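# Coordinate inspection notes
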Amino acid sequence: MNKRNSVIVVLSLFIGVFGWSQTQRKDSTQVYKKRVLETSEIDFLTSYYTQDGDNAAVSGGLGTEELTDVTGAFIISIPLNDDDVLTIDAGISAYTSASSSNVDPFDGGAPADPFVASSGASSADGWVNLTGGYSHSSDSRNDIVSAKISVSKEFDYFSLGFGGGYTKLFNQKNTEVSVNANVYLDSWSAIYPVELRPFTSNGNGIANGLFLNNTITGNTNYNPIFTPFKDEKRNSYAVGFGFSQILSKKLQGSLLVDFVQQEGLLSTPFQRVYFSDVSDSFIDNFHLADAIEQLPDSRFKIAIGGRLHYYINEAFIVRTYYRFYSDDWGIDSHTASIEIPIKISDKFTVYPFYRFYNQTAANYFAPYNEHLSTSAFYTSDYDLSKYTANQYGIGVTYTDIFTNFQVWRFGLKSIDLKYNNYQRDSGLKASIISAGFKFLVD
């Protein structure tokens, strides 16, 4: 099925379900029962993200990490009847990345350099996602069952996911427990650093045109360690448990526990690694890869977190969060955040927030050119390094429950604007501006 036909099918399904939901609304019985969702809602979300740093994984832990990303998404929630809600989430992301461009640093015409992005075809790409969700609430609204399925695609990656959950409320809805499970079946279309491709079993090695048309400096007898991955699949299995309790009129707390098991290709195929015990080879200023990232084919993760929300008065609320994370690759991390919504009028709320994060390094991490070729596993991806990060931000929310502002059949219920500034002690800096608009369908 081509892309155009897929869009037509999705739109037809949406229109049919929407029409059916309107019919069901008209045919409802005269016995009053508050609907889970009174009317259809549409959320439009968008963001602009930019980052830079000097530790690009694609060039072995050294080089520009410059990246920009623009994302847009629509989330449509449709009440099928009093108890059931259908949700459709469609998103698209377009980005330009110095890192991905340097998978082939020689295709832009200019001299190759890890701190300069190649201008070739790999410098930009996109990501698309479509998720469908369904939830059913019991008559008492104390039991909620949900299910979802999702599909996403990037230039070298495809993911299919599905899952479900169950939530139970009791103690006059003051207590809530939940469980959810998700499975993601992913597959790579492996893309390797351009200088390694001639060294496959069918390649011509150093006799390839890349090396004949460019001058190798340093070790001219370039001979990397390279075998393409045989299995390009990755499966992830996640189970989460939640407990929430209203502790007093002003205090609410919750606990969350998540378990994740991943299996398959967990290495990123285009991320280079350099060995301290192998002589260096260069074309221009670009260090030719000694190998690609090699990581174990399984990973187990556990995260335990908690939230406390305290209502001070009509103007102030304090929201706090803490999470501990650990995995069998050797990473332990701590996350703590605080957010203080300040209600400045009936319709406007300002909320400054701060997030702290630190982690230990994975057992297999070493910086640029510090690995040994005798190791079984190695990576120079600074996401797996030891680091501390601070994130500051502020948001503004406009809410109008009466939706006085109308655009055709759509009433504007809320607007949310947010700015984040993120900094790691490794030098990575990022900023993100995001906006969200919620409309009710009349």
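Residue positions are given per chain, counted from 1 along the sequence in the order it is written. Only residues with pLDDT of at least 70 get local features here, since the model is predicted, and only at 80 or more are side-chain atom pairs given and counted; chain-wide, interface and lining totals rely on the full set of residues. With hydrogens and water set aside, each side-chain value is computed from the structure's full complement of heavy atoms.

What follows covers the overall build of the protein. The helix and strand labels rest on DSSP assignments: H or I over at least four residues marks a helix, E over at least two residues marks a strand, and numbering proceeds from the N terminus. When helices and strands are tallied, the protein shows 3 helices and 23 strands. Its C-alpha atoms put the protein at 85 × 50 × 35 Å along the principal axes. Any residue under 20% of the maximum accessible area for its type is buried, any over 50% is exposed, and the rest in between are partly exposed; the area is computed with a 1.4 Å probe on protein chains only. Residues classed as buried in the protein amount to 41% of the 442 residues present. Should any heavy atoms of two residues lie within 4.5 Å, those residues are counted as being in contact. Across the protein, the fraction of contacts at a sequence separation of at least 24, relative to all contacts at a separation of at least 6, is 63%. Here the protein has roughly 23200 Å² of accessible surface; of this, 59% comes from carbon and sulfur atoms. Working definition of accessibility: Shrake-Rupley area with a 1.4 Å probe, residue cover restricted to the visible protein chains.

Further remarks concern the packing of aromatic side chains. We call Phe, Tyr and Trp rings a pair once their centres come within 6.5 Å, taking the six-membered ring for Trp, and we label the pair stacked below 30 degrees between planes, edge-to-face above 60, and tilted otherwise. In the structure shown here, the tally under the stated rule is 21 aromatic pairs. Between phenylalanine 211 and tyrosine 222 the ring centres are 5.8 Å apart and the planes differ by 55 degrees, which places this aromatic pair in the tilted class. Here phenylalanine 211 is found in helix α3 (residues 209-212), whereas its partner tyrosine 222 is found in the loop between β8 (216-218) and β9 (233-246), with 11 residues between them in sequence. With a relative accessible area of 4%, tyrosine 222 lands in the buried category. Connected via pairs of aromatic rings, a cluster forms that spans Phe44, Phe74 and Phe437. We count a charge as sitting over a ring when the NZ of a lysine or the CZ of an arginine lies within 6 Å of the ring centre and within 35 degrees of the ring normal. Above the plane of the ring of tryptophan 329 lies arginine 299, whose end atom (NZ or CZ) is 4.2 Å from the centre. When the ring centre of phenylalanine 353 is taken as origin, the NZ or CZ atom of lysine 418, which lies over that ring, is 5.7 Å away.

A few words on the nonpolar core. Grouped together as the largest cluster of nonpolar side chains are 21 residues, with contacts concentrated most on Phe106, Phe211 and Tyr222. Those residues within four positions of phenylalanine 211 in sequence are excluded, and the remaining contacts are Glu195, Pro198, Phe199, Gly205, Ile206, Ile216, Tyr222, Ile283 and Leu288. Within the second largest apolar cluster, 9 residues are counted, among which are Leu266, Tyr325, Ile331 and Tyr364. To define a nonpolar core, start from buried Ala, Val, Leu, Ile, Met, Phe, Trp, Tyr and Cys residues and group those joined through side-chain atoms within 4.5 Å.

In this section: the confidence of the model for the protein. pLDDT runs from 0 to 100 and stands for how confident the predictor is about each residue. For the protein, the mean per-residue pLDDT works out to 91, and 92% of the residues sit at or above 70. Low pLDDT (under 50) marks residues 1-31, which in the prediction has 21 contacts with non-local residues, meaning those over four places away or in another chain.

In what follows, salt bridge is the name for a side-chain nitrogen of Lys or Arg lying within 4 Å of a carboxyl oxygen of Asp or Glu. Scanning the entire structure with this criterion turns up 12 salt bridges. A salt bridge links aspartate 43 to lysine 438; the nearest nitrogen and oxygen atoms lie 3.0 Å apart. Here aspartate 43 is found in strand β1 (residues 41-52), whereas its partner lysine 438 is found in strand β23 (residues 429-441), with 395 residues between them in sequence. The buried category is assigned to aspartate 43, whose relative accessible area is 13%. One salt bridge in this structure joins lysine 168 and aspartate 143, with 3.3 Å as the shortest N-O distance.

When DSSP finds at least two bridges between two strands, those strands are taken to pair. Strand direction decides the pairing type here: strand β6 (residues 157-170) and strand β7 (residues 175-188), joined by 14 bridges, are antiparallel. Residue pairing for β7: phenylalanine 162 is matched across the bridge by valine 183. The hairpin turn running from β6 into β7, its antiparallel successor, is 4 residues long, and asparagine 171 in that turn takes a positive phi close to 60 degrees.

Side chains Tyr157, Ser159, Gly161, Gly163, Gly165, Thr167 and Leu169 project from β6 onto a buried face, and the interleaved Phe158, Leu160, Phe162, Gly164, Tyr166, Lys168 and Phe170 project onto a face without burial. Two elements, strand β5 (residues 143-154) and β6, share 12 bridges in a ladder whose sense is antiparallel. By the bridge assignment, alanine 147 is partnered in β6 with glycine 164. Between β5 and the antiparallel strand that follows it, β6, lie 2 residues.

Here the focus is unusual backbone geometry. Among all residues save glycine, negative phi is the norm, and among peptide bonds the norm is trans. With phi around 55 degrees, aspartate 284 is a residue other than glycine that occupies positive phi space. Checked against the element boundaries, aspartate 284 lands in the loop between β12 (281-283) and β13 (286-287). By relative accessible area, which is 40% here, aspartate 284 ends up partly exposed. In this structure, asparagine 369 is a non-glycine residue whose phi angle is positive, near 65 degrees. Mapped onto the elements of the fold, asparagine 369 is located in the loop between β19 (348-359) and β20 (387-399).

Looking now at the side chain of aspartate 381. With respect to the secondary-structure elements, aspartate 381 resides in the loop between β19 and β20. Within polar-contact distance, the side chain of aspartate 381 engages the backbone nitrogen of aspartate 383 at 2.9 Å. Not counting residues up to four positions away in its chain, the partners in contact with aspartate 381 are Ala57, Gln271, Glu293 and Phe365. Under the rule applied, a polar contact is a pair of N or O atoms within 3.5 Å (in protein, one hydrogen donor and one hydrogen acceptor; residues adjacent in sequence only if both atoms are side-chain atoms).

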